[in-house]
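Coordinate analysis (summary)
Spelled out from the first residue to the last, the chains are:
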2 protein chains.
Amino acid sequence: MSEVKIPYKIYLSENEIPTAWYNLRADMKNKPAPLLNPGTGQPLTAEEMSGIFCEELVKQELDNDTAYYPIPQEIQDFYKMYRPSPLVRAYCLEEKLGTPAKIYYKFEGNNTSGSHKLNSAAAQAYYAKQQGLKGVTTETGAGQWGTALSMACSYYNLDCKVFMVKISYEQKPFRREVMRTYGASVTPSPSTETAVGKKILAEHPGTTGSLGCAISEAVEVAVSNPGYRYVLGSVLNQVLLHQSVIGLEAKAALDKYGVKPDIIIGCAGGGSNLGGLIAPFMGEKLRGEADYRIIAVEPASCPSFTRGKFAYDFCDTGMICPLAKMYTLGSGFIPSPNHAGGLRFHGMSTILSQLYHDGYMEARAVEQTSVFEAAEIFARVEGILPAPESSHAIKAAIDEALKCKETGEEKTILFGLTGTGYFDLMAYQQFNDGTMTDYIPTDEDLAKGFAGLPQVPGQD
Amino acid sequence: MSEVKIPYKIYLSENEIPTAWYNLRADMKNKPAPLLNPGTGQPLTAEEMSGIFCEELVKQELDNDTAYYPIPQEIQDFYKMYRPSPLVRAYCLEEKLGTPAKIYYKFEGNNTSGSHKLNSAAAQAYYAKQQGLKGVTTETGAGQWGTALSMACSYYNLDCKVFMVKISYEQKPFRREVMRTYGASVTPSPSTETAVGKKILAEHPGTTGSLGCAISEAVEVAVSNPGYRYVLGSVLNQVLLHQSVIGLEAKAALDKYGVKPDIIIGCAGGGSNLGGLIAPFMGEKLRGEADYRIIAVEPASCPSFTRGKFAYDFCDTGMICPLAKMYTLGSGFIPSPNHAGGLRFHGMSTILSQLYHDGYMEARAVEQTSVFEAAEIFARVEGILPAPESSHAIKAAIDEALKCKETGEEKTILFGLTGTGYFDLMAYQQFNDGTMTDYIPTDEDLAKGFAGLPQVPGQD
C-alpha cells in the first residue's frame, strides 16, 4: 500500500471512462452454453433472434470470442451524464465495525434510475435507434429496469412501451410516474392490448399480474409491430457485456492507487451487476494473471446458485422465451410473498452459471432480516440508503470484514453497491416496524420447481 | 474562454472542499436587521437565544462581522461522505434549447437526504454534540429537512426528535421511513406529547396539522427537556453561513476553468439554498470586485419577494418565534392547497431580504405548470429528475438561455439544482395526468396576510 491517502470517493476523470466493454466470454475456456429454441431444442440462430432483438445486440449475444467491443461515441456521451460513478472507500463503515479490513464499494445509484441498469439500457436503446427502429418494449416488476429504459429512450428519442406488473402499477405508483415523466407509455399487465393479456384476463379476471405474463405481452407487441424490438435488463450475455463498464471503472480507479482487492462481492439476481463488476478481475483470474475470491450473494428465499440445478430452463414463467443453461430453481418457482428484498429471478446468467460450475467463484445465501440489518448499519455511517438488492452484498462484505477483525487480517474488500433504496421504502417500513420475516424454501418447495424443468437433449 | 474542453461534470478533489464557510454579512454595508423578542420588541440577546439554540450557533447567528468561519474537522469529514458535489455543464440542455448560452448547475441532490439541507444539518448536529447535548428537536413538512437532520444526528450519535405535520406523516410515509431508518423518532403533529399539541387537539379534534403547530411542539420539547435544543433548516443567518459551502465549491470549480458566470439563479423559499449559492459571488459584488446578475425565483403562489412587504414579522404561523425583518406575506398566509411545488414559506431570510431591498439582486415569480414543464425538459435531457423547488431555478435558467438564443449572446448561466424529486412524485403525477393547475393570490388574499403583521417600533 502506498503512502498516498486514499480519498473517501475516487472519481476518475471524464476521459478515463472506459471506451470499450470487455467480453468475459473471450477468456472463458468453457464457454456458456448456447440458448436453445424451445420448439426444436437446437441452438438459437442469429436469424431467429433478430425478430426479437436488434441486430447488433444479437451479434453481441452470440459472440464468445471478441474480447473488447468499442463503446459507440453516442453511448459514451450518454455515460458522461452520470459516469464515472464513484468508487468509495468506506472509512466510516470500517471504523464502525472496528475492522482492519479495507472496504471499497462501487456506487451505481447516483442517477435518476437509481441503479446500474442504466448502463445497459443506454446501449440497448442506442442500437435500436441506430437500426432505425421506432421503439422498444419491455416488462418491469417494481420498475427499476423500466425507469432506466425510459430514460435511455427519452435521450435517443425512441418510443418506449413498458408492461408493468399490475400490482406494482397500482401499489408502487412512483416509479410509474418517473417512467411517464420520461415519456414512456406504461401499461398495467395483463392488459387488453395483447392476445396473451386478453386470454389471461378471461381465464383469471381478478389477477394482479406476474413478471412472466408481462414478458409475454412485451414480446408479443415487439414481434407483431413493425419497427419494434424487445429488450431485457439482465441475464443475457449482451447485458453483462454492457455492465462490464462497472468493473472496468472500478479496476481503473483501484489501479490508480495501487490497490488490489482480495475479495470481490456482488449481489446476484439475474447476474448483470455481478457479471459487470467482476468482469475484468475474472478475466485476470481466467488468464492466470491474478487471483481473487469472488462471492455471489443471493437471498435465502430465492437461492439459484446455492440450491438450484445447473440445467436448461426457460427464462420466463410463461415458458415462451428461449431455453438457457443456468443455475435455476425452475421457471415455475416464485419466491414467497414475504420476500421484500428483490433478486427474485428463478435462474441466473449463463456466463456466471458456467463460471460458478467451473469453480471460479463462490456463492452464499443470506436471509432478508440480516440483509436489512446490514443496510441500516451501512446507511447510518455511509450516508447512502441502499437498495435491498445491493444490501445483500453489504451483508457479505460486513461478514468478511468482521472475520478480518477476528483474525487481524488487513484484507481489501470490494463490493458492488448497485443502487439506492428510495423506491423500496415499504420494505424498510416492514423492517423498521419489526414485521419483516424470513423465508427459506423447503426441499419440497424446490422439488416442485425442479419438476417443471424442460426435457431437452443433454439435460441431466 | 480557454481552449480546454470543459467536462460534463466538474468534480473538485477532496482536498479542494472548502475548509471555511463565508459569512456574507461581513461584506454587507447595510446589515440584516436583528431578530426581535416578540414580547419586548427589543433585539434578541445571545442569552435569550441560548435556551433554544446551541451556543456556537447563537454566536454564528449574531455575528455580522467575521468573514470566514473555519469548518471543524468533524464536519469536514461528514462533508467528505457526499461532497464535493458536482458542478455540471448542461451540454445536453444547451443542445436541446439550441442556445448559445453556456449553462452550469451545481447539483446538491446526490445524497440520501436528496437536497442541500444536509450541509446545515451536519453543522447544527455537530455543534449540539460538541456542547454535550443529548439531542435536538425540529419540525418537518414533507420531510426533506427532517431526513437531512436524521442523517446528521445518526452520524454524530445524537437523539433526533422530529414533529412531522400529520397529513404528511400519513400521506407521505416514505420520507418518514427514511428518518426512522436513520434512528430518528418521528411524531405526527399535533401530538399528545406536548401541551400545545394537546390544546390544539382539544380545540380541533380532526386537524391534520400545520407547520406552525409542528414548530410550536418542537420548540416546547426543546426548551422543556434538559439537554435538548431546537434546530431549523432555513431562513436563519447561521443556515446561510453553512450553505455558503455550495457557492464556494461552485466558484472554485468555475475558477479552475476560468469561467465567470454572467447570471446566477436560485430558487427561493426560506432562502438557504439561494443564499448559499450566491454567497461568494455576492461578496465580490458587495466589495465592488465583480458584477453578476443574481435572480431569485419564487412560486407565483407564494410570492414573498415580488409581492411581499419588507417588514418585521413572525417566522412561524403559531407566532411564538422571534420577529424577523424580511420580505413577507404575513405569517398567516398559507399558499393554496393546489400548490405542489414547495417553497411555501411566507417569509424570507433577513440577509437576502436586505440585499434585495438594497438592489443587489432581482426576483421573479413563476407559475407551477411552467415549472414542471421545465422540469420535464430538464429530466429528459440531463438525466436527473429535479425537485419541484429546484425546477423554479431551471425554469428561469431556460428562459434566460432562450433570450440568449434570440439575441445571439453567449452568456454564462449558473443555477442551483438543490435536490431530486424522488419523493415528489405525487406532484409529477398531477403534471403527467394534466390535472395540475396554477394559482396566483389576489391582492385581497395578500391583504389578509398583511393585516396580521405585528406592531413593532419602526415598522412601516
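Since the model is a prediction, treat every value here as computed from it, not as a measurement. For every chain, the first residue of the written sequence is number 1, and numbering continues from 1 along that sequence. Chain labels run from A onward and ligand labels from 1 onward, assigned in the order the entries are written. The predicted nature of this model means local features are confined to residues of pLDDT at least 70 and side-chain atom pairs, given and counted, to a pLDDT of 80 or more, with totals for whole chains, interfaces and linings taken over all residues. Values shown for side chains rest on all heavy atoms present in the structure; no hydrogens or waters enter the calculation.

1. Describing the overall build of chain A
Quick note on the threshold: Helix numbering and strand numbering both begin at the N terminus, where a helix is a DSSP run of H or I of at least 4 residues and a strand a DSSP run of E of at least 2. As a reference, a globule follows 2.2 Å times the number of residues to the power 0.38, and the radius of gyration itself is taken over C-alpha atoms. Exposure classes here rest on a 1.4 Å probe applied to the protein chains alone. A residue is buried below 20% of its type maximum, exposed above 50%, and partly exposed in between. Here, residues are in contact when the closest pair of their heavy atoms is within 4.5 Å. Neither His nor the chain ends contribute to the count of charged residues, in which Lys and Arg are positive and Asp and Glu negative. A charged residue contributes its charge at one atom only: NZ of Lys, CZ of Arg, CG of Asp or CD of Glu.
Secondary structure summary: chain A contains 18 helices and 15 strands in total. Scaling as 2.2 N^0.38, a compact globule of 460 residues should have a C-alpha radius of gyration of about 23 Å, and chain A matches this with 21 Å. Scored against the burial criterion, the 460 residues of chain A give a buried share of 66%. Across chain A, the fraction of contacts at a sequence separation of at least 24, relative to all contacts at a separation of at least 6, is 76%. Here chain A carries 41 positive and 52 negative side-chain charges, and the mean point of each set is 2 Å from the other.

2. Let's talk about the domain arrangement of chain A
Residue and element names in this part refer to chain A. Just so we agree on the cut-off: What marks off one domain from the next here is an automatic or database domain assignment. Buried area is understood as the total, over both parts, of accessible area removed when two parts are fitted together, assessed with a 1.4 Å probe. By definition, a salt bridge exists where a carboxyl oxygen of Asp or Glu is found within 4 Å of a side-chain nitrogen of Lys or Arg. We define a polar contact as two N or O atoms separated by no more than 3.5 Å, with the added condition that, inside protein, one atom must be a possible hydrogen donor and the other a possible acceptor, whereas residues neighbouring each other in sequence contribute only through side-chain atom pairs. Residue type decides the class: Asp, Glu, Lys and Arg count as charged, Ala, Val, Leu, Ile, Met, Phe, Trp, Tyr, Cys and Pro as nonpolar, and the leftover types, Gly among them, as polar.
Entries for chain A in the domain assignment read domain 1 (9-16 + 83-114 + 243-450) and domain 2 (20-71 + 116-230). Here domain 1 and domain 2 have C-alpha centroids that lie 23 Å from each other. A per-residue breakdown of the area domain 1 buries against domain 2 is headed by S113, Q243 and F423, which together make up 19% of the total. Applying the counting criterion to the domain 1 and domain 2 interface returns 1 salt bridge. As a salt-bridge pair, D27 and R287 come within 2.9 Å of each other at their nearest N and O atoms. Remark: the boundary between domain 1 and domain 2 carries 12 residue pairs in polar contact (both at pLDDT 80 or more). It is helix α12 (residues 272-286) that contributes the most residues to the side of domain 1 that touches domain 2, 7 residues altogether. Split into classes, the residues belonging to the side of domain 1 that touches domain 2 amount to 17 nonpolar, 13 polar and 6 charged.

3. Quick word on α12(A)
Residue and element names in this part refer to chain A. So the rule is basically this: Bend at a residue means the angle formed by two fitted axes: the first through the 7 residues ending at that position, the second through the 7 residues beginning there.
The axis of α12 is deflected most strongly, by about 60°, at A279, and proline P280 appears within four residues downstream. Within α12, 15 of the 15 residues are buried, which leaves the element mostly enclosed by the surrounding structure. Among the residues trailing α12, G288 stands out with phi positive, at a value near 75°.

4. Points about the side chain of E94(B)
If you trace the backbone, E94(B) turns up in helix α4 (residues 91-97). Looking at E94(B), its side chain comes within polar contact range of the side chain of R89(B), at 2.7 Å.

5. Observations concerning the sheet that holds strand β8 (residues 185-189) of chain A
Residues and elements named next belong to chain A. Rules: Here, strands pair whenever DSSP counts at least two bridges between them. Here an axis means a line fitted to C-alpha atoms, over the contact stretch when the element is a helix, while the angle between two N-to-C directions is reported on a 0 to 180 degree scale.
What the 4 strands build is an open sheet, ordered β8-β7-β6-β9; its pairing is parallel. Only two strands of the sheet have a single partner each, and these edge strands are β8 and β9 (228-230). The sheet shows a mean angle of 25° between the axes of neighbouring strands, direction not considered. As paired strands, strand β6 (residues 135-140) and β9 are joined by 3 bridges and run parallel to one another. Opposite V136, over in β9, you have R229 as the bridge partner. Packed on one face of the sheet, helix α6 (residues 144-156) meets β6 and β7 (159-165) and runs near 165° to β6.

6. Some words on the relation of the copies chain A and chain B
Between the two copies of this chain, the relationship is a rotation about some axis together with a displacement along it. Worth spelling out the cut-off: To line up the copies, we fit them by least squares on C-alpha atoms, keeping just the residues with pLDDT of at least 70 in both.
Under the fitted operation, chain A is carried onto chain B by 0.0 Å of movement along the axis and a turn of 180°, and the coordinates agree to an RMSD of 0.0 Å. When the rotation and shift are considered jointly, the pair of chain copies conforms to a two-fold rotation axis. Taking the C-alpha atom as reference, chain A places N110(A) closest to the rotation axis, 3.2 Å from it.

7. Regarding the pattern of salt bridges
All names here are of chain A. Enumeration over the complete set of coordinates arrives at 50 salt bridges over all chains. With its nearest N and O atoms 2.6 Å apart, the salt bridge here joins R364 to E400. One end of the pair, R364, is in strand β14 (residues 362-366); the other, E400, is in helix α16 (residues 388-407), and 36 residues separate them in sequence. A relative accessible area of 2% places E400 in the buried class. One network of salt bridges, with partners in common, ties together R293, E362, R364, E400 and K403.

8. Considering the environment of K102(B)
Residues and elements named next belong to chain B. Considering the arrangement of structural elements, one finds K102 in strand β5 (residues 102-107). Between the C-alpha atom of K102 and that of A90, which follows or precedes it by 12 residues, the distance is 7.7 Å. At a separation of 2.9 Å, a polar atom in the side chain of K102 contacts the side chain of E410.

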